[in-house]
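In case you want the letters, here they are:
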Amino acid sequence: MGYRYIPEDRRPQNTRHLMLGQKLFVLARGKSGFRLLSAEILELNDLAIFTEPFRSGENIVHLKPRHAVWAFFWSPYGGECRFKTQILTEYTKPYPYLLLEHGDDLLYNEDRKIFSCDLDLAVMVTHLPAATYGRAIPSEELFDDKTLEDIPIRLIELSGSGLVVDSPTSFEEADLIQIHPGAEGPAFLEGWLAKATTVEGGLVRFRFLKKSRESLETILNFIAPRVSENALKGRKRRSAVMED
């Protein structure tokens with residue numbers, strides 16, 4: 001049954017390439033903004049995705065069957081991806097689980113992510129130029145060098161895949177940073193590593209290096225209520241959440 005899985009360094013081309021244990025996320029509209037729903041993939045076959053019930057925190061949230069929603073996932077190197085799906089069937093026995101429709105058309109956002117929010121926060125980063133670490137594997141140990149420079153920057157955008165900063169210091173592509181959010185920034189970012197992918201003048205886009213599932217959920221829970229109301233523009237406005 002493992003034939004459908006692909007290496008972590010390749011982007012999935014459809015949802016049959018997903019991994020067991022991976023999490024799917026849904027943004028549910030509420031009066032005070034979006035809230036984050038998540039469900040773990042329990043099984044896959046060529047006909048459907050088997051997941052646990054979607055939850056918001058510890059609470060189960062019921063999605064309306066046969067109602068199209070955008071679902072999201074993160075592959076280690078592919079970043080944010082979304083696909084349109086729907087609940088085909090909901091089972092309660094022998095244990096609660098859902099059957100979701102596969103997504104054959106996966107959408108990768110190369111610029112602005114849906115799971116992103118605008119910020120304007122002063123944070124510090126430790127800068128490690130690409131020329132300094134050469135071919136070494138990026139890791140926290142590289143930042144043990146006490147001669148590395150700490151740089152004040154403005155954190156202006158945060159997403160599930162990375163961040164955009166406004167910096168008075170020049171960066172080059174592949175430069176590494178270690179984040180120190182200080183009093184203004186989100187505390188959970190302390191010590192996170194990111195790699196520069198795009199440099200446009202003073203604006204630099206960084207991609208987070210590998211994150212644990214727990215750290216990904218932490219950042220998504222921070223972003224979800226701050227996501228722009230226009231993020232899912234064009235999607236049907238009717239709620240996909242069944243009220244209890």
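Everything below is about the structure printed above this text.
As the structure is a computational prediction, the values presented were derived from the model and not from experiment. (Residues numbered from 1 in each chain as written. Predicted model: local features only at pLDDT ≥ 70, side-chain atom pairs only at ≥ 80, totals over all residues. Heavy atoms only, no water.)

Caption draft 1: Here's a closer look at the overall build of the chain. On a plain count of helices and strands, the chain comes out with two helices and 18 strands. Within the span of the chain, comprising 244 residues, buried residues form 48% of the whole. Taking as baseline every contact in the chain between residues at least 6 positions apart, the subset at least 24 positions apart corresponds to 63%. Carbon and sulfur atoms make up 50% of the accessible area of the chain, which amounts to about 13000 Å² in all. (Helix = DSSP H or I, 4+ residues; strand = E, 2+ residues; numbered from the N terminus. Buried < 20%, exposed > 50% of the residue type's maximum accessible area, 1.4 Å probe, protein only. Contact = heavy atoms within 4.5 Å. Areas by Shrake-Rupley, 256 points an atom, 1.4 Å probe, with all protein chains shown as cover.)

Caption draft 2: Structural detail: unusual backbone geometry. With an omega of 0°, the peptide bond running from Lys-93 to Pro-94 counts as cis. With respect to the helices and strands, Pro-94 occurs in the loop between strand S9 (87-91) and strand S10 (97-100). If you check the backbone angles, Arg-66 has positive phi at about 60° while not being a glycine. Position of Arg-66 relative to the elements: it lies in the loop between strand S6 (62-63) and strand S7 (69-75). Relative accessible area serves as the criterion here: at 57%, Arg-66 is assigned to the exposed category. With a phi angle near 80°, Ala-174 is a residue other than glycine that sits in the positive phi range. With respect to the secondary-structure elements, Ala-174 resides in the loop between strand S14 (162-166) and strand S15 (176-180). Taking the relative accessible area as the measure of exposure, Ala-174 reaches 22% and is therefore partly exposed.

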